[in-house]
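Coordinate analysis (summary)
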Amino acid sequence: MKVNVNAVNFAADRKLVDFAQLRMDKLDKYYDKIVSSDVFFKVENTSDKENKIVEVKVHVPGDEFLVKKKCKTFEGALELAAESLERQLLKRKDKVRL
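An account of the accompanying structure is given in this report. (Residues numbered from 1 in each chain as written. Predicted model: local features only at pLDDT ≥ 70, side-chain atom pairs only at ≥ 80, totals over all residues. Heavy atoms only, no water.)

Notes on the packing of helix 1 (residues 14-25) against helix 2 (residues 74-97)
What counts here: Between N-to-C directions, angles cover 0 to 180 degrees, with each direction set by a line fitted to C-alpha atoms, over the stretch in contact for helices. Secondary structure is summarised from DSSP: a helix means a run of H or I of at least four residues, a strand means a run of E of at least two, and numbering begins at the N terminus for each. Just so you know how the angles are binned, under 35 degrees is roughly parallel, over 145 roughly antiparallel, 65 to 115 roughly perpendicular, and the rest oblique. Rotating anticlockwise by less than a right angle from the far helix to the near helix defines a left-handed crossing, while the corresponding clockwise rotation defines a right-handed one. Every residue pair with non-hydrogen atoms within 4.5 Å of one another is taken to be in contact. As a working rule, the residues Ala, Val, Leu, Ile, Met, Phe, Trp, Tyr, Cys and Pro are called nonpolar, Asp, Glu, Lys and Arg charged, and the rest polar, with Gly in that last group.
Running from amino to carboxyl end, helix 1 crosses helix 2 at an angle of 15 degrees, the nearest separation of the two axes being 10 Å. Of the possible angle classes, the one that applies to helix 1 and helix 2 is roughly parallel. Like other packed secondary-structure pairs, helix 1 and helix 2 cross with a definite hand, here right-handed. Here Leu16, Phe19, Ala20, Arg23 and Met24 of helix 1 come into contact with helix 2, specifically with Phe74, Glu75, Leu78, Glu79, Ala82, Glu83 and Glu86. Residue classes in the contact of helix 1 with helix 2 are distributed as seven nonpolar, no polar and five charged.

Re helix 1
Note the following rule: The length a helix should cover is 1.5 Å for every residue beyond the first. The cut-offs for exposure are 20% and 50% of the maximum accessible area for each residue type, with area from a 1.4 Å probe on protein chains only; residues under the lower value are buried, those over the upper are exposed, and the others partly exposed. Each C-beta atom gives one direction from the helix axis, and the arc is the one those directions make.
Here helix 1 is twelve residues long and its end C-alpha atoms lie 16 Å apart, about the 16 Å a rise of 1.5 Å per residue gives. Leu16, Val17, Ala20, Arg23 and Met24 are the residues of helix 1 that are buried. Projected down its long axis, helix 1 carries its buried residues within an arc of 130 degrees, all on one side. In helix 1, the exposed positions angled more than 90 degrees off the buried face are occupied by Arg14, Lys15 and Leu22. Looking at the packing, one finds that the buried side of helix 1 touches strand 1 (2-7), strand 2 (36-43), strand 3 (52-60) and helix 2.

Looking at the pattern of salt bridges
Heads up, the condition is: Take a side-chain nitrogen of Lys or Arg and a carboxyl oxygen of Asp or Glu: if they are within 4 Å of each other, that pair is a salt bridge.
Summed over all chains, the structure comprises nine salt bridges. We note a salt bridge from Asp32 to Lys33, for which the minimum N-O separation is 3.9 Å. Residue Asp32 is classed as exposed on the basis of its relative accessible area of 59%. For Lys33, a relative accessible area of 46% puts it in the partly exposed group.

What about the pairing of strand 2?
Keep this limit in mind: Strands are labelled as partners when DSSP assigns at least two bridges between them. A crossover gets the label right-handed when its path from the first strand over the helix to the second runs clockwise, viewed with the strands pointing away from the viewer.
Pairing of strand 1 with strand 2 involves six bridges; the strand directions are parallel. Along strand 2, the bridge assignment pairs Val5 with Val39. Crossover handedness for the path strand 1 to helix 1 to strand 2: left-handed. Sheet analysis places strand 2 next to strand 3, joined by eight bridges and oriented antiparallel.

Shown next as structure tokens:
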């Protein structure tokens, strides 16, 4: 799957980009018709510890899923977003199968 990684207002290091690619590739197990995904990493300017935001947009034929999660780390937020997407993709797969 093609994964576009965008870091807003900072430069993402190679490890973070590779982690995003690996985690998004795992979504193929749940729904095999995924065309591409866009991952946006943002840092919110607040005094909160949970200021890392990850937005993931997954494109499937005829639809797209958008998930936004906030956490202390980008990896944690991406993991939460991926888990949410897994549930949505499984629902979509069941709906298409009917």
